[in-house]
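Take a look at the letters that make up each chain.
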Amino acid sequence: MTDITNTAHVPVMLKETLEHLNLQPNAFYIDATFGAGGHTKALLEADVNVLAVDQDPTTEVYMVKLRQGLAAERQANFIAIHGNFEFLESYVKQADLSEVAGILMDLGVSSMQLDEGERGFAFRKDGPLDMRMNPEGESAADIVNQFDQEDLAALIFKYGEERYSRRIARAIVEARQTAEISTTQALVNIIQQAYPKGGYRRDHPARRTFQALRIYVNDELGVLERALQAAEKVLALHGRLVVLSYHSLEDRIVKHFMKNASHLKVLTKKPLLASDEEASLNPRARSAKLRVAERITL
Ligand SMILES: C[S@@+](CC[C@H](N)C(=O)[O-])C[C@H]1O[C@@H](n2cnc3c(N)ncnc32)[C@H](O)[C@@H]1O
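As the structure is a prediction and not an experimental result, all values here were calculated from the model.

Novice: An account of the nonpolar core is requested, with residue identities and associated values reported.
Specialist: Grouped together as the largest cluster of nonpolar side chains are 69 residues, with contacts concentrated most on Leu88, Ile103, Met105 and Leu241. Among the elements that line this core, the one with the most residues is helix α11 (residues 220-234), at 8 residues. Shared between two domains, this core holds at least three residues of each, these being domain 1 (14-112 + 221-295) and domain 2 (135-217). Leaving out residues up to four positions away in the same chain, isoleucine 103 has contacts with Leu21, Ile30, Leu88, Ala231, Val234, Leu235, Arg240, Leu241 and Val242.

Novice: Give me the lowdown on the pattern of salt bridges, citing residues and values where you can.
Specialist: Any two side chains of opposite charge can pair, on the condition that their charged atoms come close. If you walk through the whole model with that rule in mind, you get 14 salt bridges. Glutamate 45 is paired through a salt bridge with lysine 41; the nearest N and O atoms lie 3.2 Å apart. In this pair, glutamate 45 and lysine 41 both sit in helix α2 (residues 38-45), 4 residues apart, roughly one turn of the helix. Note on glutamate 45: relative accessible area 47%, which makes it partly exposed. In this structure, arginine 132 engages aspartate 130 in a salt bridge whose closest nitrogen and oxygen atoms are separated by 2.8 Å. Just as arginine 132 is buried, aspartate 130 falls in that class too. One connected set of salt bridges, linked through shared partners, spans Glu86, Asp219 and Arg226.

Novice: Let's hear about the domain arrangement of the chain: which residues, and what values?
Specialist: Segmenting the chain into domains produces domain 1 (14-112 + 221-295) and domain 2 (135-217). Each of domain 1 and domain 2 was reduced to a C-alpha centroid, and the two centroids are 31 Å apart. Roughly 580 Å² of surface becomes buried between domain 1 and domain 2 when both sides are summed, with 61% attributable to carbon and sulfur atoms. When residues of domain 1 are sorted by the area they lose upon contact with domain 2, Leu221, His247 and Leu249 head the list and together hold 60% of the total. Salt-bridge contacts for glutamate 161 lead to arginine 252; the nearest nitrogen and oxygen are separated by 3.3 Å. The tally of links from domain 1 across to domain 2 stands at 2 residue pairs in polar contact (both at pLDDT 80 or more). Tallying contributions element by element places helix α12 (residues 248-260) first for the side of domain 1 that touches domain 2, with 4 residues.

Novice: Explain helix α8 (residues 165-178) to me, and be specific about the residues and the numbers.
Specialist: The first and last C-alpha atoms of α8 sit 21 Å apart over 14 residues, in line with the 20 Å expected at 1.5 Å per residue. For α8, the full list of buried residues reads Ser165, Ile168, Ala169, Ala171, Ile172 and Val173. Tucked into the core, α8 has its buried residues touching α6 (140-146), α7 (149-160), α9 (184-194) and α10 (207-217).

Novice: Give me the lowdown on the site of the ligand, citing residues and values where you can.
Specialist: Taken together, 25 residues form the shell around the ligand, and within it His39, Asp54, Phe85, Asp106 and Gln113 come nearest. Between the ligand and histidine 39 there is a distance of 2.8 Å, counted from a nitrogen atom to a side-chain nitrogen or oxygen. Here a nitrogen atom of the ligand sits 2.8 Å away from a polar atom, N or O, in the main chain of phenylalanine 85. Taken by itself the ligand offers 600 Å² of open surface, and the protein chains cover 98% of this. Of all the cavities here, the one that holds the ligand is the largest cavity. By residue class, the composition of the shell around the ligand is 9 nonpolar, 12 polar and 4 charged.

What counts and how
Residues numbered from 1 in each chain as written. Predicted model: local features only at pLDDT ≥ 70, side-chain atom pairs only at ≥ 80, totals over all residues. Heavy atoms only, no water. Core = buried A, V, L, I, M, F, W, Y, C linked by side-chain atoms within 4.5 Å. Buried < 20%, exposed > 50% of the residue type's maximum accessible area, 1.4 Å probe, protein only. Helix = DSSP H or I, 4+ residues; strand = E, 2+ residues; numbered from the N terminus. Domains from an automatic or database assignment. Contact = heavy atoms within 4.5 Å. Salt bridge = Lys/Arg side-chain N within 4 Å of Asp/Glu carboxyl O. Buried area = accessible area lost by both parts, 1.4 Å probe. Polar contact = N/O pair within 3.5 Å; in protein donor to acceptor, adjacent residues only side chain to side chain. Expected span 1.5 Å × (residues − 1). Near = heavy atom within 4 Å. Areas by Shrake-Rupley, 256 points an atom, 1.4 Å probe, with all protein chains shown as cover. 1 Å grid on protein atoms, 1.4 Å probe; cavity = no way out; pocket = protein on both sides within 12 Å on 5 of 7 lines; lining within 4 Å. Sits in = over half its atoms within 2 Å of the grid points. Nonpolar A, V, L, I, M, F, W, Y, C, P; charged D, E, K, R; others polar.

Structural data, given as structure tokens:
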């Protein structure tokens, strides 16, 4: 198989993920967040079949590379779809899968999305204030330039859990009276100036506001709720749902859903975390929380 691991994205908790998917030879698994394909590649190498989904059209190049690396007779075992994982049910129908033995959701953004300033996700890189994983609909710049002050403060508080949301919203509204805010660094400067001295702690002052805008722009929490419901429906009996989340808002939704879903049994009372070794090698793994549930009734 062609090596595509020379990409920036290192798959998180790979061993734990595969273990908890409880792989059955020749069965079909869904990788709902393909990214650079790290998890999918390992699944294919373990001789199971994969339906991979990603809403970011730039992941297609990794999908194509992965397919090219497969032996001809294995290519039908890998189905790649550009789309939003909230529509899992229709992808399963479209691919005519009779059974889905497990589903992986590795939430959030990929290292590629963060590394390319052009995408506007990163507060450490300059670029247009975009943040759309799938370039449709409103961008972060639209929100920042059009929302009124109160709505902005509420959004930054709700999705960023940012305690200085009101100050930041006020500073944004003041700044945009002079010039439209169209780049990540323009927004970072505004946030930095709005932050009280000593308010920094360990976080970059822009981190929470950027998280809030990204969640809102991509409707990440609404989509996650709907995707989890779809996942429960398409899973076969004894199929596993494995979710990796990276912040508390996501993790809360996953935990609550698994606990209350009528067909699922929670297999992880507490979320699993990356080993110290992995966390030291891969900063993205430090905030990862892995939760697993199994479908126990039809
Ligand atoms: C953390 S990365 C996944 C990395 C992947 N597991 C790997 O090892 O390369 C998350 C990916 O999920 C995708 N994504 C996020 N939300 C999505 C959604 N609602 N539907 C489909 N893909 C989504 C992002 O575009 C991104 O590529």
